[in-house]
Amino acid sequence: MITSDIHMHSAFSSDSESSMESMIEGAIEKGVKTICFTEHLDYEYPPEDGKVIFEVDLDAYQKKIKELQDVYRKQIEVLFGIEFGLMPHLADRYEKIAESYDFDFIIGSSHLIPAPWYKEDIDYIQKYGKAPVSMIHGDPYEKRFWEDRSVEEICGKYFQTIVDNIAAFKNFDTYAHIDYLIRYAPRKNENYTYKMYKEILDEVLKAIIREGLALEINTAGYKYGLGQPNPQADILSRYRELGGEKITIGSDAHKPEHIAYDFKKAEDLLKSLGFKYYTIFRKRQPQKMPL
């Protein structure tokens with residue numbers, strides 16, 4: 001039985017309005033025994049209306065975690081985590097953060113694809129011959145990202161970012177939602193299979209295994225109407241076939257009602273694929289939990 005949800009966000013992340021207290025209370029109500037807050041830290045994420053987003057106040061965040069760990073210590077275990085939005089050129093910055101704070105758990109994610117995706121960026125680059133790095137990042141979350149491009153092109157480039165990110169930076173514990181972008185594709189996961197991207201996905205999975213990282217099963221895929229988690233079953237099956245064993249489980253909740261979202265479905269799926277346990281991290285050390 002899955003009793004831990006170790007991927008969630010509060011108002012310390014730019015895309016959530018939920019207090020940490022409300023998230024903790026929501027987890028307690030659902031019978032969850034362990035949670036880990038993993039607030040977003042995405043350096044060089046394109047600003048929104050001139051405002052920097054996805055850069056958590058780490059000192060305030062850590063202080064709040066410690067306060068709430070004390071308040072709720074008899075009711076639930078609250079762990080201190082972070083989600084890095086990885087890109088190769090940011091490796092040194094993330095390394096410093098990983099070594100400067102006493103995290104229980106660090107998630108690595110790919111949210112942005114570094115390329116001149118938008119017409120205004122391309123025009124600027126052609127005019128001036130260069131552009132700030134932040135101008136040429138594209139997030140599949142945005143509808144315009146998918147305009148005038150094939151899903152196959154975008155998916156291929158996205159999966160390559162994971163291979164590149166792992167080559168550049170390894171000081172994290174799990175790679176989250178490795179097919180995150182499919183949530184926002186024009187037809188979502190219609191006709192999307194492991195076989196379509198077999199070569200690059202095998203590179204991704206082998207890199208995760210080779211570096212001793214875990215692979216996350218992110219149940220927000222069910223919330224987004226995919227009928228499966230991220231990654232989906234055929235990728236999870238291939239991960240196990242290649243020798244992968246470490247699986248972390250998170251809802252990616254930004255609201256209390258989404259905590260432990262469809263965890264029973266995830267548990268049944270993992271068991272059907274032959275997984276016997278999942279993994280949680282305390283003080284960056286993996287611990288096996290029976291399914």
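Heads up: these notes are all about the structure in this document. (Residues numbered from 1 in each chain as written. Predicted model: local features only at pLDDT ≥ 70, side-chain atom pairs only at ≥ 80, totals over all residues. Heavy atoms only, no water.)

### So, the nonpolar core
Put simply, the test is: Nonpolar cores are built from buried Ala, Val, Leu, Ile, Met, Phe, Trp, Tyr and Cys residues. Side-chain atoms within 4.5 Å join them into one set. With a 1.4 Å probe rolled over the protein chains alone, any residue whose accessible area is under 20% of its type maximum counts as buried; one over 50% counts as exposed, and the rest are partly exposed. Secondary structure elements follow DSSP: runs of H or I no shorter than four residues count as helices, runs of E no shorter than two count as strands, and numbering proceeds from the N terminus. Contact between two residues is taken to exist if any of their heavy atoms lie within 4.5 Å; hydrogens are not considered.
The biggest cluster of nonpolar side chains holds 95 residues, and the ones touching the most others in it are Phe37, Phe84 and Phe159. If you tally residues by element for this core, the top one is helix 5 (residues 151-168), at seven residues. Other than its neighbours up to four places away in sequence, Phe37 contacts Met8, Ser10, Met20, Met23, Ile24, Tyr61, Ile65, Val78, Leu79, Phe80, Gly81 and Ile82.

### Re the pairing of strand 3 (residues 77-85)
Operational definition: One requirement defines pairing of two strands: DSSP has to find at least two bridges between them. Seen with the strands pointing away from the viewer, any crossover whose path from the first strand over the helix to the second strand runs clockwise is right-handed.
Counting buried positions along strand 3 gives eight out of nine residues, so the element sits mostly inside the fold. Relative to strand 3, strand 2 (residues 34-41) runs parallel, the two being bridged by eight bridges. Bridge pairing in strand 3 places Cys36 opposite Leu79. Direction of pairing for strand 3 relative to strand 4 (residues 105-109): parallel, over a ladder of five bridges. Paired with Ile82 across the bridge in strand 4 is Ile106. As a crossover connection, the stretch from strand 3 through helix 3 (residues 91-100) into strand 4 is right-handed.

### Brief notes about the packing of helix 6 (residues 198-210) against helix 8 (residues 233-241)
Put simply, the rule is: Structural elements are reduced to axes, namely lines fitted to C-alpha atoms, with helices fitted over the stretch in contact, and the angle between N-to-C directions of any two is expressed from 0 to 180 degrees. When describing relative orientation, an angle under 35 degrees is termed roughly parallel and one over 145 degrees roughly antiparallel, while 65 to 115 degrees is termed roughly perpendicular and anything else oblique. If you view the pair so one helix is near and one far, a crossing is left-handed when the near helix is turned anticlockwise from the far one by less than a right angle, and right-handed when it is turned clockwise. Charged means Asp, Glu, Lys or Arg here, nonpolar means Ala, Val, Leu, Ile, Met, Phe, Trp, Tyr, Cys or Pro, and polar covers whatever is left, Gly included.
Look at helix 6 against helix 8: their axes get within 10 Å of each other, and the N-to-C directions meet at 50°. As summarised for this structure, helix 6 and helix 8 are arranged oblique, according to the angle between their axes. For helix 6 against helix 8, the interelement crossing comes out right-handed. Across the interface between the two elements, Lys198, Leu201, Asp202, Leu205, Ile208 and Ile209 of helix 6 pack against Ile235, Arg238 and Tyr239 of helix 8. Each residue belonging to the contact of helix 6 with helix 8 can be placed in one class, and the counts come to six nonpolar, no polar and three charged.

### Description of the environment of Leu86
Position of Leu86 relative to the elements: it lies in the loop between strand 3 and helix 3. The buried category is assigned to Leu86, whose relative accessible area is 3%. Other than its neighbours up to four places away in sequence, Leu86 contacts Tyr94, Gly108, Ser109, Asn165, Phe169, Phe172 and Tyr175.

### Section: the packing of aromatic side chains
Any pair of aromatic rings gets described here by the distance separating the centres and the angle formed by the planes. The criterion, for reference: Working definition: a ring pair exists when centres of Phe, Tyr or Trp rings (six-membered ring for Trp) sit within 6.5 Å. Plane angles under 30 degrees give stacked, over 60 give edge-to-face, the rest tilted. Here, over-ring charges are defined by two tests on the NZ atom of lysine or the CZ atom of arginine: distance to the ring centre within 6 Å, and angle to the ring normal within 35 degrees.
Within the structure shown, the criterion is met by 19 aromatic pairs. With a centroid separation of 4.8 Å and 85° between ring planes, the pair formed by Tyr45 and Phe54 is classed as edge-to-face. Across the pair, Phe54 and Tyr45 agree in class, each one buried. An aromatic cluster of at least three residues, connected via ring pairs, comprises Tyr141, Tyr158, Phe159, Tyr180, Tyr184, Tyr192, Tyr197 and Tyr224. Over the ring of Tyr43 we find Arg93, and its NZ or CZ is 3.7 Å from the ring centre. Sitting over the ring of Phe275, Arg240 keeps its end group 6.0 Å from the ring centre.

### Looking at the side chain of Asp42
Test applied: Residues scored as charged are limited to Lys and Arg (positive) and Asp and Glu (negative), so that His and the chain ends carry no count. Salt bridges are identified by distance alone: a Lys or Arg side-chain nitrogen within 4 Å of an Asp or Glu carboxyl oxygen.
Within the element layout of this structure, Asp42 appears in the loop between strand 2 and helix 2 (58-71). Among buried Asp, Glu, Lys and Arg side chains, Asp42 stands out as unpaired, with Arg183 the closest opposite charge at 12 Å. For Asp42, the residues in contact, after removing those within four places along its chain, are Ile53, Phe54, Glu55, Glu83, Gly85, Tyr94 and His111.

### Side note on the sheet that holds strand 9 (residues 247-250)
With parallel pairing, the seven strands of this open sheet are ordered in space as 1-2-3-4-7-8-9. A strand with exactly one partner marks an edge of an open sheet, and here the two such strands are strand 1 (4-8) and strand 9. Running over the sheet, helix 3 touches strand 2, strand 3 and strand 4 and is turned about 170° from strand 3. Along the sheet, helix 9 (residues 263-272) makes contact with strand 1, strand 8 (214-218) and strand 9, crossing strand 9 at roughly 160°.

### With respect to helix 2
Defined as follows: What a helix is expected to span follows from its residue count: subtract one and scale by 1.5 Å. Summarising the geometry, the arc corresponds to the directions from the helix axis toward the C-beta atoms.
Compared with the 20 Å implied by 1.5 Å per residue over 14 residues, the 20 Å span of helix 2 between its first and last C-alpha is a close match. Restricting attention to buried positions, one finds in helix 2 the residues Leu58, Tyr61, Gln62, Ile65 and Leu68. Buried residues along helix 2 cover an arc of 130° about the axis, so they all sit on one side. Seen from the open side of helix 2, the exposed residues pointing more than 90 degrees away from its buried face are Asp59, Lys63, Lys66 and Val71. Turning to helix 2, the residues buried within the fold contact helix 1 (20-29), strand 2, strand 3 and helix 3.

### Quick word on unusual backbone geometry
Here the residue pair Asn230 and Pro231 is connected by a cis peptide bond, since its omega of -5° sits within 30 degrees of zero. Tracing the sequence through the fold places Pro231 in the loop between helix 7 (220-223) and helix 8. The backbone phi angle of Lys283 is positive, close to 50°, even though this residue is not glycine. Tracing the sequence through the fold places Lys283 in the loop between strand 10 (277-282) and strand 11 (285-290). The partly exposed category is assigned to Lys283, whose relative accessible area is 49%. One non-glycine residue with positive phi stands out, namely Arg284, at about 70°. When you line up the elements, Arg284 lands in the loop between strand 10 and strand 11.

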